[in-house]
2 protein chains.
Amino acid sequence: MPKTAKRNAFYAQSGGVTAVINASACGVIETARKHRDRIGKVYAGRNGIIGALTEDLIDTGKESKADIAALRHTPSGAFGSCRYKLKGLDQNRAEYERLIEVFAAHDIGYFFYNGGGDSADTCLKISQLGRNLGYPIQAIHVPKTVDNDLPITDNCPGFGSVAKYIATSTREASFDVASMAKTSTKVFVLEVMGRHAGWIAAAGGLASSDDTPLPVLILFPEVTFDRAKFLARVDAMVAKHGFCSIVVSEGVRGPDGKFLSDQGLRDAFGHAQLGGVAPVIANLVKAELGHKFHWAVADYLQRAARHLASKTDVEQAYAVGKAAVEMALKGRNSVMPAITRTSDSPYRWKITEAPLAKVANREKMMPRSFITRDGFGITPKCRAYLEPLIRGEDYPPFRNGLPRYVTLKNVGVKRKLSTTFNV
Amino acid sequence: MPKTAKRNAFYAQSGGVTAVINASACGVIETARKHRDRIGKVYAGRNGIIGALTEDLIDTGKESKADIAALRHTPSGAFGSCRYKLKGLDQNRAEYERLIEVFAAHDIGYFFYNGGGDSADTCLKISQLGRNLGYPIQAIHVPKTVDNDLPITDNCPGFGSVAKYIATSTREASFDVASMAKTSTKVFVLEVMGRHAGWIAAAGGLASSDDTPLPVLILFPEVTFDRAKFLARVDAMVAKHGFCSIVVSEGVRGPDGKFLSDQGLRDAFGHAQLGGVAPVIANLVKAELGHKFHWAVADYLQRAARHLASKTDVEQAYAVGKAAVEMALKGRNSVMPAITRTSDSPYRWKITEAPLAKVANREKMMPRSFITRDGFGITPKCRAYLEPLIRGEDYPPFRNGLPRYVTLKNVGVKRKLSTTFNV
C-alpha cells in the first residue's frame, strides 16, 4: 500500500503517433495538476514503456503551463513513443518485476498508457500487477489510434483528424485532376494507411458530398481486389465524368491473399523495393485503360497533419486524457475512457468507462453494411458515422507562415536505482 | 479595328493547375466586371486554349457574383486547363487563322492567358496576331506556376502555397519521425515536385527554423546525386539527432544523367513501373545504413492544398489577374504583370510590367548561392527569399468538416461558326 494517499503518476505514449495524441497528454497533465493533493508528480516515459523499463523518466512538472497547453495543438508524441509489446507474465516475468522496481522507487501509483490495441493489452497486464505481484497500481488506458479499430469506443482519437485530412486531400486532388483531364491526367490514385481495417480509406468517400459530387472509388482492405471489376468500374467512371479519383488502402490484397504492394520488385541498386500500392494501381490503369495518371502516398503526412485537425477529434482526445485521470481519482483500475455517441444529428457524445479486458487485442473492422454492395464505396450509414468525426477546424497558431509546435524540455528524473535493464 | 471601343475578353488557364490559379481568374473577372464600358463579356476557354480553337467558350457572365468571389478560395482550374502548346506561325498557320476566326466571331479583343513558361510563349504568339495577321488583339500573360521558374517576376503565383504546404508537411512529419525513432522509423523521405528547378524542394528547408530546429536534408535537381556523400550525411544526422527527414525533388539525377526515379522496374502485372524517387532513396538508406524508413509522395496534394494556402500567394495571384485587366485597359499588349519585391523585411511587393518577349521560354533556376556548399540545404539568402512567400493563412470556408469549393455552371456560349477544328 502507498505511504500516503498522494502518489505519483506515470504517463506514456505507445505505437504510431497521431495529430492529437499530445492533446490527450495535455488532458492528463492539466487534469492531474488540478489534483495535486492526490497526484504528486506526473512522470512521462521517455519513448513510451521503454522509459519505465530503463528508469528513463521525464518530469513533466518542469514544463511551463503554456508549454503543456501547447501540447493540445502539437502533433506527434512529445515524450517519444515506441513499438514494444510486453510479453505475458509467464513469458517474461523479469519485465514486470523491473516495472515494479521502477514504479516503487518513484512511488508511482497511477499508470496512464496512451495507445491502440497492443497497448491496451500492455495496460491490462500492468493493471494486474496488484493482484499478480502485490504491487498496488491503477492502470488506465487512454485510447489512441488512427486505425480506428478499438472496440467499444465509438471511435478512436487520432482517426477523425486523419479522416479529415484524407477527405480534404481527396477533394482537392479531385478538383485538380478534373481540370487536367481533357488533355492529361484522368486518374488520380491516393494511397492511405490502414493495413487491416478500411476506416481511413472510407474517409476518402467523404470527399464527395451532395453539394460537391465527385467520382471517387475506394479500395478497402476488407474487399479482395478484383482486377476485372475494378478496371470496368474505372473505365465507366472516366467515360461518364472524364476523370476519377481512387483512394486505396495500403492493405489491399489480391485473390492470392498477398498485398498488392508486395510486388517483389528490385531497384537499380539491387535492393528489394518496398513500394506502395498506389503506383501498382496507377500502372494497371495506364496499361489496361491507357489513362494518364498521377499518384500520391500520404504516409506520415496524414497522421501528422495537425494543421488540418478535426476539432471534434481534438476535443475527444483531450477528453479521454482528462477522463482517465478522473477515473484514477475515483479508484478505478483496468479501464479505458470510451467515446459513446448518443446522437447522430445533432452529433452528441459522452465519455463512458470500458473494461480493459474487453478492449485489449480485439480489432473493430468496418461493418459490411458500411461498404456499398459493389465494394467500391461507402454507404449512407457509413457517411452518417464518419461525418461528425471530421467536423470543426482547430488551427494551430502560425508564425512566419508555419505552424508553431512545442518541443518540450523533457528534463530527466534523477535515477534512484543502481540496476539497469536491457530492452 | 474593333467596331466600338467595347470589346470582349478571352481568359484561359493553361498547364498544371495550382491552389490559387482561380484567384487570378477571380481577379480578371471581377476587375473586368468593373469596366463594362470597355470590356463586354469575359469568355473563358473550356480546357484552356483548346476552348478557343474549338469555339468552346464559357460565358462567365452567367456566374453569380458570389460564385466568382468563391474562385478566390477554390483550388484547381475552374474552366479546365490543358497541356497544349501552339506551334510557331510558320509551322502551323492554320491554328492561328482558326483563333482569329473564333476571336473575330465573338469580337474578342483582349486575350488573358494564365500559365507558365510554355503558355507565355503561346501568349507572345497571340500578341503578334495584329502585326502578323492583321487581327487587332491585346494579349496579356497572367503568371502561374508552382515551379516558380518564370524570369523577371520575383516569384510565381502558385509557388508560395506549395512552399507553405511542403514546409508545413516536412515539419509535421519530422515531429512524427522524431517520436518514433527510438524503436522504429528513423528516416522519413518526402518526394516533391520540380523536375528542373529545386524551388519546391528548397521550401522543405523552411521546416527547420531558429525556433524549431529539425534535421532536414534536401536533394535538389540542380545537384547531381552523390550516393556516398548522401549516405554519409544521413548517417551523421541520424547519429546526432536520432532521426532525419529528407526532401527529395522528383527531378534528382545520378551521375549518369538519368532520373533516380527511372529504375526500369516492372511490376507483377508486367507493366513498367513508373515509380517515384522517394522509395528509391528510402530503400537505399535501409540497405546501406539499416535504418527503418517511411516515405511519402505528395504529388497533386501539394499543389491542390488550398486549405493551407499562403495568404501572400492568394493576394498576389489575385493582384496579377487584376493588373492584367488594368494593363489591357491601358492599351498594353504582349506584357505580363510581374511581382517585384521592394523590401525583404518588412516584406513589400508591387506589380510591375514585364515584356512577354523576355518571359517566354526562359527558365529561372535556383541560384547556386541559394544552396549550401555541401549541396544538401538552403542558405540564409534562400531563406530570406522564401519566407515571405509562405506568410499568412487564408483558410477557405468549411462545411461539415470539409472545405467548400465552388464548381461553376460553365454555361457554353452559342457557337457562331459552322466550321470545326480538330486539335
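Residues numbered from 1 in each chain as written. Chains lettered and ligands numbered in written order. Predicted model: local features only at pLDDT ≥ 70, side-chain atom pairs only at ≥ 80, totals over all residues.

Quick look at the overall build of chain A
Where we set the bar: Secondary structure elements are defined from DSSP: runs of H or I of at least 4 residues count as helices, runs of E of at least 2 residues count as strands, and each element is numbered from the N terminus. Radius of gyration here uses only the C-alpha atoms, and the compact-globule reference equals 2.2 Å multiplied by the residue count raised to the power 0.38. Partly exposed residues are those whose C-beta has more than 12 but fewer than 20 other C-beta atoms within 10 Å; with 20 or more the residue is buried, with 12 or fewer it is exposed, and the C-beta atoms are placed from the backbone. The contact criterion used here is simple: two residues whose C-beta atoms, placed from the backbone, lie within 7 Å are in contact.
Summing up its helical and strand segments, chain A has 13 helices and 15 strands in all. Here chain A has a C-alpha radius of gyration of 23 Å; the compact-globule value for 423 residues is 22 Å, and the two agree. In terms of overall dimensions, chain A has a C-alpha envelope of 75 × 50 × 45 Å along the principal axes. Here chain A, with 423 residues, has 61% of them falling under the buried criterion. By sequence separation, contacts in chain A at least 24 residues apart represent 76% of the contacts at least 6 residues apart.

A closer look at the environment of Gly412(A)
All names here are of chain A. Within the element layout of this structure, Gly412 appears in the segment after strand 15 (402-403). Linking Gly412 and Thr60, residues 352 residues apart in sequence, is a C-alpha distance of 9.1 Å. Discounting residues that sit within four places of it in the chain, Gly412 has contacts with Asp56, Leu57 and Ile58.

Here's the deal with helix 10 (residues 277-289) of chain B
Basically, it comes down to this: Each residue after the first adds 1.5 Å to the expected span of a helix.
For helix 10 of chain B, with 13 residues, the first-to-last C-alpha span of 18 Å sits near the 18 Å given by 1.5 Å per residue. All buried positions along helix 10 of chain B are accounted for by Val277(B), Ala278(B), Pro279(B), Val280(B), Ile281(B), Ala282(B), Asn283(B), Leu284(B) and Val285(B).

Points about the relation of the copies chain B and chain A
Here is the rule we go by: The superposition of copies rests on a least-squares fit of C-alpha positions from residues with pLDDT of 70 or more in both.
Relative to chain A, chain B is turned by 180° and slid 0.0 Å along the rotation axis, the superposed coordinates differing by an RMSD of 0.0 Å. As the rotation angle and translation indicate, the two copies are arranged about a two-fold axis. Within chain B, Val297(B) has its C-alpha nearest the rotation axis, a separation of 2.4 Å. The residues that chain B uses at the interface reappear at the interface of chain A in 100% of cases, marking a shared surface.

Digging into the domain arrangement of chain A
All names here are of chain A. Convention followed: The source of the domain bounds is an automatic or database domain assignment. Classification used: nonpolar for Ala, Val, Leu, Ile, Met, Phe, Trp, Tyr, Cys and Pro, charged for Asp, Glu, Lys and Arg, polar for all others including Gly.
Assigned domains of chain A: these are domain 1 (7-145 + 306-362 + 392-403) and domain 2 (159-304). The centre of domain 1, based on its C-alpha atoms, is set 34 Å off from the matching centre of domain 2. Broken down by class, the residue content of the side of domain 1 that touches domain 2 amounts to five nonpolar, six polar and two charged.

Focus on the environment of Arg195(B)
Residue and element names in this part refer to chain B. Its location among the elements puts Arg195 in the loop between strand 6 (187-192) and helix 8 (199-204). What makes Arg195 partly exposed here is the crowd of 13 C-beta atoms within 10 Å. Residues in contact with Arg195, not counting those within four places in the same chain, are Pro221, Glu250 and Gly251.

What about the interface of chain B and chain A?
Opposite the 73 residues of chain B that make contact, chain A presents 73 residues. Elements represented by at least two residues in the side of chain B that touches chain A include exactly helix 7 (159-180), helix 10, strand 11 (293-297), helix 11 (300-304) and strand 15 (402-403) of chain B. Among the residues making up the side of chain B that touches chain A, the classes are represented as 35 nonpolar, 25 polar and 13 charged.

A word on the packing of helix 9 (residues 227-241) of chain A against helix 10 (residues 277-289) of chain A
Residue and element names in this part refer to chain A. Note the cut-off: Lines fitted to C-alpha atoms define the axes, with helix axes restricted to the stretch in contact, and inter-axis angles between N-to-C directions lie between 0 and 180 degrees. An angle below 35 degrees is treated as roughly parallel, one above 145 as roughly antiparallel, one from 65 to 115 as roughly perpendicular, and anything else as oblique.
Relative orientation of the contacting elements helix 9 and helix 10 amounts to 75°, with a least axis distance of 11 Å. By the criterion of interaxial angle, the relationship of helix 9 to helix 10 is roughly perpendicular. Contacts between helix 9 and helix 10 involve Leu231, Val234 and Asp235 on the former and, on the latter, Val285, Glu288 and Leu289. Among the residues making up the contact of helix 9 with helix 10, the classes are represented as four nonpolar, no polar and two charged.

A short note on unusual backbone geometry
Following Ser345(A), the chain continues to Pro346(A) via a peptide bond in cis, the omega torsion being 0°. Relative to the elements of secondary structure, Pro346(A) occurs in the loop between strand 12 (335-344) and strand 13 (347-355). For Glu55(B), which is not a glycine, the phi torsion comes out positive at approximately 55°. For Glu55(B), the position within the fold is in the loop between helix 2 (49-53) and strand 3 (57-59). Given 22 C-beta atoms within a 10 Å radius, Glu55(B) is considered buried. One non-glycine residue, Asn410(B), lies in the positive phi region at around 50°.

Re the pairing of strand 4 (residues 108-115) of chain A
Residue and element names in this part refer to chain A. We count it as follows: A pair of strands is treated as paired once DSSP finds two or more bridges between them.
Burial runs high along strand 4: eight of the eight residues are buried. Two strands pair when backbone bridges link them, and strand 1 (residues 7-13) and strand 4 are joined in this way by six bridges, in the parallel orientation. Among the inter-strand pairings, Phe10 is bridged to a residue of strand 4, identified as Phe111. As paired elements, strand 4 and strand 5 (residues 138-143) share six bridges and run parallel to each other. Residue pairing across strands places Phe111 opposite Ala139, the latter belonging to strand 5.

Describing helix 9 (residues 227-241) of chain B
Residues and elements named next belong to chain B. For clarity, the threshold we go by: Comment: arc refers to directions from the helix axis out to C-beta atoms.
Under the 1.5 Å per step criterion, the end-to-end length of helix 9 is 21 Å for 15 residues, consistent within 8% with the ideal 21 Å. Those residues of helix 9 that sit buried are Phe230, Val234 and Met237. Burial along helix 9 is one-sided: seen end-on, the buried residues are contained in an arc of 65°. Turned more than 90 degrees off the buried face of helix 9, the exposed positions are Ala228, Ala232, Ala239 and Lys240. Where helix 9 is buried, its residues touch strand 6, strand 7 (216-219), strand 8 (244-249) and helix 10. Positive backbone phi, at 90°, marks Gly242, one or two positions downstream of helix 9.

What about the environment of Arg36(A)?
When you line up the elements, Arg36(A) lands in the loop between helix 1 (21-33) and strand 2 (39-45). C-alpha separation for the pair Arg36(A) and Gly116(A), spaced 80 residues apart in sequence, amounts to 28 Å.

Section: the nonpolar core
Convention followed: For this analysis, nonpolar core means a set of buried Ala, Val, Leu, Ile, Met, Phe, Trp, Tyr and Cys residues linked through C-beta atoms within 7 Å.
Counting 294 residues, the largest nonpolar core has Phe10(A), Phe112(A), Val189(A), Phe10(B), Phe112(B) and Val189(B) as the members making the most contacts within it. Once residues within four sequence positions are removed from consideration, Phe10(A) is found in contact with Tyr43(A), Gly45(A), Ala52(A), Phe103(A), Ile108(A), Tyr110(A), Phe111(A) and Phe112(A).

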